[in-house]
Amino acid sequence: MLVPFLGHSSNVVLLGVLASFVFTCLAVQFGAKKLPHDMGREYAVQGKLSAGKPRGAGFLFIPAFSIAALLFLPFSLEIGLYLLLTFASMMTGFLDDCAAIPWGEYKKGFLDLVISVLAVITYINFNGTEVRFAFLGRTWEVPVWLFGALGVILLWSAINVTNCTDGVDGLLGTLSLITLGTFYLLESQIGTRSEWSSSILFLMSSILAYLWYNTSPSALIMGDAGSRALGLFIAIAALKSKDPFLYIPLAIVTIIDGGAGLIKISLKRFLKISILKNIRTPIHDHVRKNKDWSNPQTVYRFAAIQSILCFMVLWLAKGTAV
């Protein structure tokens with residue numbers, strides 16, 4: 001909204017980054033006390049330590065980021081729709097955070113599916129179905145039906161593995177920063193940078209402000225309101241990179257940490273197959289319970305692994321810039 005008056009330049013993007021940080025800090029300062037309070041999850045390692053803390057911080061930092069994006073990015077229907085869908089994903093998570101009785105898995109899964117379908121339709125409408133393989137420097141025009149099906153799987157899975165990774169002070173926020181930052185650098189490196197790239201920076205700034213209050217010991221918790229919205233946004237970033245397969249290496253720690261439990265439960269429930277019998281899921285619970293890792297050790301070690309893999313992707317992709 002302010003771009004027609006300020007112009008579109010790197011200085012305006014910088015203002016947007018600063019605004020995202022400030023807006024998030026203000027939202028936390030004035031809104032944290034109004035959030036629902038965590039009851040302490042009995043099944044999670046150290047879950048009781050979270051009891052009484054404000055939960056659902058995504059309800060604060062997602063709107064703060066969205067306002068900054070609307071103010072400091074050129075108007076784009078595509079980006080506007082992505083912001084709306086991210087907000088919708090945040091709201092489904094927040095309503096679950098507020099519910100006296102947590103929503104059922106099927107209800108949340110269906111809502112995630114609807115949002116994922118709408119996001120993929122939006123992407124195809126504005127971008128087509130061309131996929132670029134960063135490591136090969138080649139492109140492939142994917143049939144619409146196949147792109148749509150794989151895109152929905154990507155977005156739905158990203159929402160849920162990201163949601164399952166939330167559970168250790170600072171973990172999901174830190175991993176999300178690494179993944180989003182790498183997508184931003186890749187877009188600059190391979191020549192696909194756009195206004196969307198600036199929105200990545202804005203969200204990263206809001207996450208940094210949130211981490212100011214969430215690092216161990218945390219003062220508030222992200223909750224489903226934040227984790228589900230972040231999962232959707234990261235998956236959209238993967239689509240916008242033109243190489244959605246990069247989501248796998250750039251978010252592999254989140255995929256393994258959150259996805260292991262989803263696979264374990266799904267196989268047990270639907271096929272009566274038991275796997276990972278001696279491993280607690282999410283994996284962050286396993287290393288804290290069985291390996292005696294502290295919360296900071298878990299965050300830093302997981303972040304180190306993801307950072308190394310992201311650096312490798314950037315290095316391998318550098319020779320394919322267009």
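My aim in this report is to walk through the structure given alongside it, one point at a time.

How each quantity is defined
Residues numbered from 1 in each chain as written. Predicted model: local features only at pLDDT ≥ 70, side-chain atom pairs only at ≥ 80, totals over all residues. Heavy atoms only, no water. Salt bridge = Lys/Arg side-chain N within 4 Å of Asp/Glu carboxyl O. Helix = DSSP H or I, 4+ residues; strand = E, 2+ residues; numbered from the N terminus. Buried < 20%, exposed > 50% of the residue type's maximum accessible area, 1.4 Å probe, protein only. 1 Å grid on protein atoms, 1.4 Å probe; cavity = no way out; pocket = protein on both sides within 12 Å on 5 of 7 lines; lining within 4 Å. Points joined across faces, edges and corners; volume = space filled by probe spheres on them. Nonpolar A, V, L, I, M, F, W, Y, C, P; charged D, E, K, R; others polar. Axes fitted to C-alpha atoms, helices over the stretch in contact; angles between N-to-C directions. Parallel < 35°, antiparallel > 145°, perpendicular 65-115°, else oblique. Left-handed = near helix turned anticlockwise from the far one by under 90°. Contact = heavy atoms within 4.5 Å. Core = buried A, V, L, I, M, F, W, Y, C linked by side-chain atoms within 4.5 Å.

**Focus: the pattern of salt bridges**
Link 1 in the chain: Here the structure, examined in full by the defined rule, presents 7 salt bridges.
Link 2 in the chain: Across the pair K240 and E78 runs a salt bridge whose closest N-O atoms are separated by 3.0 Å. Of the two residues, K240 sits in helix α9 (residues 223-240) while E78 sits in helix α4 (residues 77-98), which places them 162 residues apart along the sequence. Just as K240 is buried, E78 falls in that class too.

**Looking at empty space enclosed by the protein**
Link 1 in the chain: Considering all chains together, one arrives at 1 cavity of 30 Å³ or more under this definition.
Link 2 in the chain: What the largest cavity holds in volume is close to 40 Å³.
Link 3 in the chain: Together, T162, L172, L175, S176, T179, I234, Y247, A251 and T254 line the largest cavity.
Link 4 in the chain: Each residue belonging to the lining of the largest cavity can be placed in one class, and the counts come to 5 nonpolar, 4 polar and no charged.

**A word on the packing of helix α12 (residues 283-290) against helix α13 (residues 295-317)**
Link 1 in the chain: Running from N to C, α12 and α13 cross one another at 130°; their axes reach a closest spacing of 10 Å. If you check the angle between α12 and α13, you find them oblique. Every pair of crossing elements has a handedness; the one defined by α12 and α13 is right-handed. Together, I283, H284, V287 and R288 of α12 and N295, T298 and F302 of α13 make up the contact between the two elements.
Link 2 in the chain: Across the contact of α12 with α13, the residue classes tally to 3 nonpolar, 3 polar and 1 charged.

**Brief notes about the nonpolar core**
Link 1 in the chain: In terms of nonpolar packing, the biggest core is built from 76 residues, with L155 and L180 touching the most fellow members.
Link 2 in the chain: Setting aside its immediate chain neighbours within four residues, L155 contacts S116, A119, V120, L232, A235, I236 and L239.
Link 3 in the chain: Membership of the second largest hydrophobic core comes to 9 residues, among which are V168, L171, V253 and F302.

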